[in-house]
Amino acid sequence: MFKSVGRQVCAFDLEWVPDPASGRRVYGLPQTMPDADVLDVMWARAGATADKPRPHLKTALCRVVAVTAVIREQQPDGGIHLRLTTLPRQLDQLMDEGELIATFLGYLGQHHPQLVGFNSQTADLPILLQRGLVAGISAADFCRRADKGWGSDYFSRHGDAHIDLKQTLSGWGIATPTLHELAAAMGIPGQVGTEPHDVVDWWVEGDLRSIVAQSQYDALSTYLVWLRAGRFAGFFNPEQYGEEEERVRAMLRDRIAQGDPHLTLYLDRWDSFTPQPADARVIPLAVAAEATDQAA
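Residues numbered from 1 in each chain as written. Predicted model: local features only at pLDDT ≥ 70, side-chain atom pairs only at ≥ 80, totals over all residues. Heavy atoms only, no water.

A. Main features of the nonpolar core. Core analysis: the largest hydrophobic core is formed by 34 residues, its most contacted members being Leu-220, Trp-226 and Val-248. Among the elements of the structure, β1 (8-18), β3 (80-87), α7 (179-185), α9 (208-232), α10 (238-257) and α11 (263-272) are those that each provide at least two residues to this core. Among the elements that take part in this core, α9 stands out by supplying 10 residues, more than any other. Here Trp-226 is in contact with Phe-2, Val-5, Val-9, Arg-72, Gln-114, Val-116, Ile-163, Leu-165 and Phe-236, once residues within four sequence places are set aside. (Core = buried A, V, L, I, M, F, W, Y, C linked by side-chain atoms within 4.5 Å. Buried < 20%, exposed > 50% of the residue type's maximum accessible area, 1.4 Å probe, protein only. Helix = DSSP H or I, 4+ residues; strand = E, 2+ residues; numbered from the N terminus. Contact = heavy atoms within 4.5 Å.)

Structure (structure tokens):
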């Protein structure tokens, strides 16, 4: 699966939305055209239908509006420090896209954590590169390739500098689960709330706070799936794994106490799952039905 657990691990999630400015340039639309009309053109060019009026747009035509990371740091004394960090720093204040990407890539280039994502090889990393180019930023430390081996080379498809859990755990076939499906099957919060979220709806409504919250939820789920994968691969024994999960719960409780009440939804959703005892037997339905018939 992966060969090691880094001394510093960064499990991250991005959220992005259609960028009208890019749409105007790419399709030669007038600057005076309203954003809503530009978005309609962009979706139409991407193959919109009555059944699918908002098809996925190419990432170069989208703007990154939020990034969240769960960062696990192993201290010199062996202790573990866990933190949740988000850009934009103010949940309801939009951040310049170039500054957001430069800040995140600057952190990666300086500290070289083991990067963990879900569908990050195909989506998250490419959009950071593409939109970084669009914004005209420099990310020299992040882009520097390793002289020998793979080291902290985020561009290598080999090594453990960048772990894409979707690629590692599921591949790309028709049966590939979403992060939400895979997480929920494990007893980890997938979808938080009663309805599937739509980042574009939130963006059109000006609800940046909900977009940022979703980014935090997805980063937390990505981290918890990585922990489970680490346990599966033998990097955490049962006691260590329990301690790692408790660190996440403690971090959430601290953030809630500091004024992030929306994280209560995530913690409550997590607590709502009833863990199956380790020694619980799974009885095939046919056997269970036969036993019922005999009892009758």
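B. Region of the structure containing the layout of surface pockets. In this structure, the largest pocket encloses a volume near 1200 Å³. Taken together, 34 residues line the largest pocket, and the ones lying closest to its centre are Glu-15, Trp-16, His-56, His-197 and Val-199. Secondary-structure elements contributing two or more residues to the lining of the largest pocket are β1, α4 (120-135), α7, α8 (199-204) and α9. Here the lining of the largest pocket is built from residues that sort into 16 nonpolar, 10 polar and 8 charged. (1 Å grid on protein atoms, 1.4 Å probe; cavity = no way out; pocket = protein on both sides within 12 Å on 5 of 7 lines; lining within 4 Å. Points joined across faces, edges and corners; volume = space filled by probe spheres on them. Nonpolar A, V, L, I, M, F, W, Y, C, P; charged D, E, K, R; others polar.)

C. A look at the side chain of Arg-131. Tracing the sequence through the fold places Arg-131 in helix α4. Given the relative accessible area of 2%, Arg-131 is considered buried. Only 2.9 Å separates the side chain of Arg-131 from the side chain of Asp-19, close enough to count as a polar contact. Among residues more than four places away in sequence, those in contact with Arg-131 are Asp-19, Ser-22, Thr-59, Ala-60, Leu-61, Cys-62, Arg-63, Val-64, Glu-97 and Ile-101. (Polar contact = N/O pair within 3.5 Å; in protein donor to acceptor, adjacent residues only side chain to side chain.)

D. Local environment of a nonpolar patch on the surface. Among the surface-exposed residues, Met-1, Leu-169 and Phe-232 lie close enough to one another that they form a single nonpolar patch of about 340 Å² accessible area. What makes Leu-169 partly exposed here is its relative accessible area of 35%. (Patch = residues over 30% accessible without salt bridge, like charges linked within 9 Å, V, L, I, M, F, W, Y side chains within 5 Å. Areas by Shrake-Rupley, 256 points an atom, 1.4 Å probe, with all protein chains shown as cover. Salt bridge = Lys/Arg side-chain N within 4 Å of Asp/Glu carboxyl O.)

E. Highlighting the packing of aromatic side chains. Using the criterion set out here, one finds 7 aromatic pairs in the structure. With a centroid separation of 5.5 Å and 10 degrees between ring planes, the pair formed by Phe-2 and Phe-235 is classed as stacked. Here Phe-235 lies in the loop between α9 and α10 and Phe-2 lies in the segment before β1, a separation of 233 residues in the sequence. By relative accessible area, which is 29% here, Phe-235 ends up partly exposed. Here the aromatic rings of Trp-226 and Phe-236 are separated by 6.0 Å at their centres, their planes lie at 80 degrees, and the arrangement is edge-to-face. Taken together, the positions of Trp-226 in helix α9 and Phe-236 in the loop between α9 and α10 put the pair 10 residues apart, joining distant regions of the chain. In terms of burial, Trp-226 and Phe-236 fall into one category: buried. (Phe/Tyr/Trp six-rings, centres within 6.5 Å; stacked < 30°, edge-to-face > 60°.)

F. Layout of the pairing of strand β4 (residues 114-117). Both faces of β4 are covered, namely the face carrying Gln-114 and Val-116 and the face carrying Leu-115 and Gly-117. Strand direction decides the pairing type here: β1 and β4, joined by 3 bridges, are parallel. By the bridge assignment, Val-9 is partnered in β4 with Gln-114. Strand direction decides the pairing type here: β4 and strand β5 (residues 162-164), joined by 3 bridges, are parallel. Its bridge partner being in β5, Gly-117 is matched across the sheet by Asp-164. (Pairing = 2+ DSSP bridges.)

G. Up close: the pattern of salt bridges. As enumerated under the stated definition, the model contains 13 salt bridges in all. The partner of Asp-19 in a salt bridge is Arg-131, and the shortest N-O contact between them spans 2.9 Å. With a gap of 112 residues between them, Asp-19 in the loop between β1 and α1 (20-27) and Arg-131 in helix α4 connect regions that are remote in the sequence. Where Arg-54 meets Asp-201, a salt bridge forms, and the shortest distance between an N and an O atom there is 2.6 Å. One end of the pair, Arg-54, is in the loop between α2 (35-45) and β2 (62-74); the other, Asp-201, is in helix α8, with 147 residues separating them in the sequence. With a relative accessible area of 29%, Asp-201 lands in the partly exposed category.

H. Up close: the sheet that holds β3. Strand order in this open sheet of 5 strands is β3-β2-β1-β4-β5, and the pairing throughout is mixed. Of all the strands in the sheet, the pair left with one neighbour each is β3 and β5. In this sheet, adjacent strand axes meet at a mean angle of 20 degrees when their direction is disregarded. The pairing of β1 with β2 spans 11 bridges and is classified as antiparallel. Directly across from Phe-12, in β2, lies its bridge partner Ala-69. (Axes fitted to C-alpha atoms, helices over the stretch in contact; angles between N-to-C directions.)

I. A look at the environment of Glu-99. Its place among the elements puts Glu-99 in helix α3 (residues 97-111). Since its relative accessible area comes to 42%, Glu-99 is described here as partly exposed. Along the sequence, Glu-99 and Pro-88 sit 11 residues apart, while their C-alpha atoms lie 9.7 Å from each other.

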